[in-house]
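# Working through the structure, step by step
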Amino acid sequence: MFFALPSLLLAVTLLVIVLGSCTLGVLIGRRLRGHHEPWREPIGVIQAALLGFVALILAFGLTMAVGRYETRRVELVTETNAIGTTYLRAQTLPEPVRSQSLELLKRYTDLEIRLSTTRPGSPAARRVIADGETIQRQLWALADDALRDAPVASAPRLYVDSLNTMIDSQTSRVAALGNRVPTSVLILEVVGASVALALLGLYLTVLGRGLLPVTLAAVFVTLLLLVTFDLDRPTRGIITVPYTPLTELRASMDLPPAAGGG
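Report on the accompanying structure. (Residues numbered from 1 in each chain as written. Predicted model: local features only at pLDDT ≥ 70, side-chain atom pairs only at ≥ 80, totals over all residues. Heavy atoms only, no water.)

### Brief notes about the packing of helix α3 (residues 97–115) against helix α8 (residues 244–252)
When two helices pack together, their arrangement is given by the angle between the helix axes and by the axis-to-axis distance. For the pair α3 and α8, interaxial distance at closest approach is 10 Å and the crossing angle is 155°. When the interaxial angle is binned, α3 and α8 end up roughly antiparallel. Here the hand of the crossing between α3 and α8 comes out left-handed. Facing α3, whose interface residues are Lys106, Thr109, Asp110, Glu112 and Ile113, α8 presents Leu246, Thr247 and Arg250. (Axes fitted to C-alpha atoms, helices over the stretch in contact; angles between N-to-C directions. Helix = DSSP H or I, 4+ residues; strand = E, 2+ residues; numbered from the N terminus. Parallel < 35°, antiparallel > 145°, perpendicular 65-115°, else oblique. Left-handed = near helix turned anticlockwise from the far one by under 90°. Contact = heavy atoms within 4.5 Å.)

### Describing the pattern of salt bridges
Summed over the entire model, instances satisfying the criterion amount to eight salt bridges. Here Asp161 and Arg89 are joined by a salt bridge, their closest N and O atoms 3.9 Å apart. Of this pair, Asp161 sits in helix α5 (residues 154–178) while Arg89 is found in helix α2 (residues 36–90), placing the two residues 72 residues apart along the sequence. Judged by relative accessible area, which is 27%, Arg89 ranks as partly exposed. One salt bridge in this structure joins Arg250 and Asp110, with 2.8 Å as the shortest N-O distance. Pair noted here: Arg250 is in helix α8 and Asp110 is in helix α3, with a separation of 140 residues, a long-range link. Here Arg250 falls in the buried class, since its relative accessible area comes to 18%. Overall, Asp110 belongs to the partly exposed group, its relative accessible area being 33%. By sharing partners, the salt bridges in this structure join Glu79, Glu112 and Arg173 into a single network. (Salt bridge = Lys/Arg side-chain N within 4 Å of Asp/Glu carboxyl O. Buried < 20%, exposed > 50% of the residue type's maximum accessible area, 1.4 Å probe, protein only.)

And the structure:
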């Protein structure tokens, strides 16, 4: 639900929800201001306990989002290394398998770069993954031809090993891109923060205090929620997974091959 929203709409939605809850708390607090004595202590205890609980939930959600973000970065580097190794070993294959494999690996790298800018789970992402799997099957068929032509040669065997690693790493990366913080956790964060800030606004209004503290708290919580959500959106927003290793690898593929082939 939150993952599909554009970044600007997501930020506005979170701000409206949080500030709206604060406004509701302030309005209720004004109605209770004339009878604040019976309400002061229970409201203060409840809002203090709820604020502590929400702080724990926000920290938990942020930790989950950061962990998934780091996993995506690691998986991208792992896949880049696997593609690079496969490309180098493909240069040692005999012709015509060598030239055909090198060209397919270039196209495959282009697809993986496109995957880095496509929303996971979207129709565009599924098309990119399907195209990549098609190239994987073509590469595997060429590797089989190389093995049949030279069953005891070391170059085709090493190439097959690296090609298998490359295919596995792509699967791991796709899984990491789709491994998001559960929606129930995100909803709990938003609802909990809204209720806690509403009680804070109510409590401060009942006491006749200024609204600056609750406003600052609302802005801070909104920013914290936005960072958590943004970390969980690896291909969009402000905090994205950098795919520079893939682009640098693709640029190196335009250089003359280092090996002349078998």
